[in-house]
Amino acid sequence: MTEERYTSSRKWLARAERVIPGSHHLSGQALTTHARSPMYFERGRGCRITDVDGHEYIDYLMAFGAFLLGYADPEVDAAARKELEQGSLLSMNRPQHVLFAEALIERFASADMAVLLKTGSEATTAALRIARRATGRRRVARAGYHGWHDWSLPLDPSVPAGLDAQVLEFDSNDPHSLEALFGAHPGEIAAVILAPEMVLPPTREVFQAIQDTTHRHGALFVLDEVKTAFRTAPGSVQARLGLKPDLTTVSKGLSNGWPVAAVVGRRDVMSSAAGMHLSATYHGDTAAMAAALTTLRIVEERGVADHVWALGERLIDGLNAIVRELDVPAVSFGEPFPPMPFLKFNAPNPETNGALRTAFFEAMLVRGVLMHPRHMWFISYAHQAADIDTTLEHARGAMKVALEQCRAA
Ligand SMILES: Cc1ncc(COP(=O)(O)O)c(C=O)c1O
């Protein structure tokens, strides 16, 4: 029955197979299987999206966090449209570039300058290049997903060999593992890049220890706030935890779906970017910058971070109450904070765990709630308490179905 639900989705998938390797982009991969989860979608508004078979969902993925306010936000899109009418990408510089850099810097106590880019992967790559130039060192240490560029997949056989010796991984929940890397490569590590969602629970002490270790060894601390910026607090994770990174990367949450990203940081470090080859044809696009300026204004004026925090807590608490009540081996938590909630199944038997998880998320889809089984979720400003309560009602029903299915199997 579930499979019939997604007939049009499957037709598009079959057509895509001929023209798109793998039938879809990587982030569009099946939530469970191609046959039992929607693959192609038609439109989104607020916190709801509609698939090509006409089913509407309360969406908790929000394009992997790109929509902090909600799909098709009228104010943000109107601001972008106005720029489009002026010719949004002119041959040289625009005053809007300066205004956007100023608006970003205002929001970070740690930042005096900004470099404007298009994607999160570009921002993390640029931040590390700036750090190498500022320190004269070449190696970096990392913890987290930082994008798809060569350096961030150092072990992938499709990237140039030897990157793994340049890009070293540390365990973000064990600051000693970072100390060990500095011990093994004295005076060689330019920067430590950390995505906040890697520290669980996100205690100030662990972040501070990583920042201190980095500075003690003369390296630069890069906080990769591509996911967390603006949604966890107007000043992002660093303001919430009192951190002072040398460089920060931002993108999702910045512009409500319009492609833009930035590196912001301290003047003496950022000055190294002058004259560096950080350039792409579309960097100057002011439509996305206008969208970002409007998003940033709304985030501040309307208390967006407080809203998504409160609703994230409501969802997490509600899910935990349900799993306790039904005695399900699962726990809900913020990854790392409530605006990015998740539900992790933790049955000791991996097969049972997988079956329970799949059954739950498929039953949620049938009830009109889209939650990713393997990726943290994102609450938007468009979600309301009533959406969370409806979601919880469905979660209780879906969990009962999942338990019954697993018992019957
Ligand atoms: C922490 C972090 N850094 C960098 C990136 C890469 O951003 P993008 O996908 O826009 O290239 C992501 C994307 O999910 C991310 O979560």
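Residues numbered from 1 in each chain as written. Predicted model: local features only at pLDDT ≥ 70, side-chain atom pairs only at ≥ 80, totals over all residues.

1. Observations concerning the packing of helix α13 (residues 304-325) against helix α15 (residues 385-408)
Part 1 of the reasoning: The contact between α13 and α15 brings their axes to 10 Å, and the two run at 20°. In this view, α13 runs roughly parallel relative to α15, as classed from their interaxial angle. In this structure, α13 meets α15 at a crossing whose hand is right-handed. Side by side, α13 and α15 meet where Leu 311, Arg 314, Leu 315, Gly 318, Leu 319 and Ile 322 of the first sit next to Ala 385, Ile 388, Thr 391, Leu 392, Ala 395, Arg 396 and Met 399 of the second. (Axes fitted to C-alpha atoms, helices over the stretch in contact; angles between N-to-C directions. Helix = DSSP H or I, 4+ residues; strand = E, 2+ residues; numbered from the N terminus. Parallel < 35°, antiparallel > 145°, perpendicular 65-115°, else oblique. Left-handed = near helix turned anticlockwise from the far one by under 90°. Contact = placed C-beta atoms within 7 Å.)

2. Let's talk about the environment of Tyr 60
Part 1 of the reasoning: Locating Tyr 60 in the fold gives a position in the loop between β3 (56-59) and α3 (62-65).
Part 2 of the reasoning: When the C-alpha positions of Tyr 60 and His 372 are compared, they lie 7.6 Å apart, and in sequence the two are 312 residues distant.
Part 3 of the reasoning: Among residues more than four places away in sequence, those in contact with Tyr 60 are Leu 370, Met 371, Trp 377 and Phe 378.

3. Brief notes about the site of the ligand
Part 1 of the reasoning: In the vicinity of the ligand lie 14 residues, with Gly 120, Ser 121, Gly 147, Ala 195 and Val 226 positioned nearest.
Part 2 of the reasoning: In terms of residue count, the dominant contributor to the shell around the ligand is helix α6 (residues 120-135) (3 residues).
Part 3 of the reasoning: Residues of the shell around the ligand, tallied by class, amount to 4 nonpolar, 8 polar and 2 charged. (Near = placed C-beta within 6 Å. Nonpolar A, V, L, I, M, F, W, Y, C, P; charged D, E, K, R; others polar.)

4. Here's the deal with the sheet that holds strand β10 (residues 261-265)
Part 1 of the reasoning: Read from one edge of the open sheet, 7 strands run β4-β10-β9-β8-β7-β5-β6, paired in mixed fashion. With one partner strand each, in any of the chains shown, β4 (113-117) and β6 (167-169) form the two edges of the open sheet. Across the sheet, the mean angle from the axis of one strand to that of its neighbour is 20°, orientation sign disregarded.
Part 2 of the reasoning: With 3 bridges joining them, strand β8 (residues 220-224) and strand β9 (residues 247-250) adopt parallel strand pairing. Opposite Asp 224, over in β9, you have Thr 249 as the bridge partner.
Part 3 of the reasoning: The sheet strands contacting helix α5 (residues 95-106) are β4 and β10, and the helix crosses β4 at an angle near 120°.
Part 4 of the reasoning: Contacts from helix α8 (residues 175-184) reach β5 (139-143), β6 and β7 (189-194) within the one sheet, and its direction differs from that of β7 by about 160°. (Pairing = 2+ DSSP bridges.)

5. Some details on helix α14 (residues 350-366)
Part 1 of the reasoning: Under the 1.5 Å per step criterion, the end-to-end length of α14 is 24 Å for 17 residues, consistent within 8% with the ideal 24 Å.
Part 2 of the reasoning: Where α14 is buried, its residues contact α1 (2-5), β12 (341-345), β13 (369-370) and α15.
Part 3 of the reasoning: A positive phi of about 90° marks Gly 368, the residue just after α14. (Expected span 1.5 Å × (residues − 1).)

6. Some points on the environment of Asp 285
Part 1 of the reasoning: Assignment of secondary structure puts Asp 285 in the loop between α11 (267-270) and α12 (286-301).
Part 2 of the reasoning: Once the C-alpha coordinates of Asp 285 and Gly 28 are considered, the two residues, 257 residues apart in sequence, prove to be 26 Å apart.
Part 3 of the reasoning: Once residues lying within four places of it in the same chain are set aside, the contact partners of Asp 285 are Ser 88 and Leu 89.

7. Comments concerning the domain arrangement of the protein chain
Part 1 of the reasoning: Under the domain assignment, the protein chain is made up of domain 1 (2-71 + 303-408) and domain 2 (74-301).
Part 2 of the reasoning: In this structure, domain 1 and domain 2 have C-alpha centres spaced 28 Å apart.
Part 3 of the reasoning: The partner domain 2 presents 19 residues to the 16 residues of domain 1 that form the contact.
Part 4 of the reasoning: Along the lines of polarity and charge, the residues of the side of domain 1 that touches domain 2 split into 14 nonpolar, 1 polar and 1 charged. (Domains from an automatic or database assignment.)

8. A word on helix α4 (residues 74-86)
Part 1 of the reasoning: The end-to-end C-alpha distance of α4 is 19 Å, a good match for the 18 Å that 13 residues give at a rise of 1.5 Å each.
Part 2 of the reasoning: Buried within α4 are the following residues: Val 76, Ala 79, Ala 80 and Glu 83. Mapping the buried residues of α4 onto a view down its axis gives an arc of 95°, with all of them on the same face. Exposed and facing more than 90 degrees away from the buried side of α4 are Pro 74, Ala 78 and Glu 85. (Buried ≥ 20, exposed ≤ 12 C-beta atoms within 10 Å, placed from the backbone. Arc of directions from axis to C-beta.)

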